[in-house]
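# Tertiary structure, described
Spelled out, the chains give:
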Amino acid sequence: SQTIHQWPATLVQPVGSPLSLECTVEGTSNPNLYWYRQAAGRGLQLLFYSVGIGQISSEVPQNLSASRPQDRQFILSSKKLLLSDSGFYLCAWSRQAGPYEQYFGPGTRLTVT
Amino acid sequence: AQSVAQPEDQVNVAEGNPLTVKCTYSVSGNPYLFWYVQYPNRGLQFLLKYITGDNLVKGSYGFEAEFNKSQTSFHLKKPSALVSDSALYFCAVREGDSSASKIIFGSGTRLSIRP
């Protein structure tokens, strides 16, 4: 069966510090990968998605970047965090083409102080 | 462009009563529709999906959803609510099945089941 991991689970970082959140998927190959941000326990904002190694699509211009160095690894980064980067970050995967659902990781709670 | 709407921010139901969480969608082609549940400080869990075929879809934890093409709706239902069903529910739509097609999520409905 497939599993998706995210770490860390919680993170408190000062404004201006760098960020690196990691997501890995097990039990499948060549998945689509996604990064979402959820503010105030409500709607999801799609930040990035990837259909393959090194292929990243950005949905909104912002202070964040994403990379996919390996097939089942997706990393969310920032060089300098802003207060507005605080939120709940969710990674998800889905199979490639087809009417497939996404499966979500447990999330990372980021607080920028 | 595809979109999905959840018109109710919150739904309150007494335990044992039936529940409905509403969802409407807009797509130009055939819709693929999904429901997810989120418990506090957790990721979203997939409940069920509609692709084609029978308009009544059964999913996890006793939930089901009814696809209505004429009303462009995909309401989530359960015959008898449990207190443990209290959570945040998201409807989502995917337009097309290419590798580049994305899932669009609604804004979420908070379901509260009172004992």
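Notes on the structure follow. Numbering of residues starts from 1 in every chain and runs along the sequence as written. Note on labels: chains are lettered from A, ligands numbered from 1, in written order. Local features in a predicted model are, by the rule used here, given only for residues with pLDDT of at least 70; side-chain atom pairs are given and counted only at 80 or more, and totals for whole chains, interfaces and linings are based on all residues. The basis for every side-chain value is the complete set of non-hydrogen atoms in the structure, without hydrogens or water.

### Thoughts on the state of the cysteines
This is how the line gets drawn: In plain terms, two cysteine sulfur atoms within 2.5 Å form what is called a disulfide here. Only DSSP runs of H or I covering at least 4 residues are called helices, and only runs of E covering at least 2 are called strands; the numbering of each starts at the N terminus. Each residue is assigned to one of three classes by its accessible area relative to the maximum for its type, calculated with a 1.4 Å probe on protein chains only: buried under 20%, partly exposed between the two thresholds, exposed over 50%.
By the definition in use, this model includes 2 disulfides over all chains. Across a sulfur-sulfur distance of 2.0 Å, Cys23 of chain A and Cys91 of chain A are joined as a disulfide pair. Looking along the S-S bond of the Cys23 of chain A-Cys91 of chain A disulfide, the torsion reads about -75 degrees, which is the left-handed sense. With Cys23 of chain A in strand 3 (residues 19-26) and Cys91 of chain A in strand 9 (residues 87-94), this residue pair connects regions lying 68 residues apart in the sequence. The same class applies to Cys23 of chain A as to Cys91 of chain A, namely buried. A sulfur-sulfur separation of 1.9 Å characterises the disulfide bridge that pairs Cys23 of chain B with Cys91 of chain B. The chirality of the disulfide connecting Cys23 of chain B with Cys91 of chain B is left-handed, given an S-S dihedral of about -65 degrees. You can see Cys23 of chain B sitting in the loop between strand 3 (19-21) and strand 4 (24-26) and its partner Cys91 of chain B sitting in strand 10 (residues 87-95), a full 68 residues away along the chain.

### Looking at the packing of aromatic side chains
Where we set the bar: The pairing test for Phe, Tyr and Trp rings, Trp by its six-membered ring, is centres within 6.5 Å, and the orientation test on the planes gives stacked under 30 degrees, edge-to-face over 60, and tilted for anything in between. Whether a charge sits over a ring comes down to the Lys NZ or Arg CZ being within 6 Å of the ring centre and within 35 degrees of the ring normal.
Under the counting rule described, the total for this entry stands at 15 aromatic pairs over all chains. Between Tyr36 of chain B and Phe46 of chain B, the ring centres sit 5.9 Å apart and the planes meet at 65 degrees, which makes this aromatic pair edge-to-face. Taken together, the positions of Tyr36 of chain B in strand 5 (residues 31-38) and Phe46 of chain B in strand 6 (residues 44-50) put the pair 10 residues apart, joining distant regions of the chain. By relative accessible area, Tyr36 of chain B is classed as buried at 0%. Ring centres 6.4 Å apart and planes at 55 degrees place the aromatic pair Tyr50 of chain B and Phe74 of chain B in the tilted group. Residue Tyr50 of chain B is found in strand 6, and its partner Phe74 of chain B is found in strand 9 (residues 73-78); the two are separated by 24 residues along the sequence. Each of the two residues, Tyr50 of chain B as well as Phe74 of chain B, counts as buried. An aromatic cluster is built from Tyr34, Tyr36, Tyr49, Trp93, Tyr103 and Phe104 of chain A together with Tyr36, Phe46 and Phe105 of chain B, whose rings are joined through pairwise contacts. In this arrangement the basic side chain of Arg95 of chain A is found over the ring face of Tyr100 of chain A, its NZ or CZ atom lying 5.8 Å from the centre.

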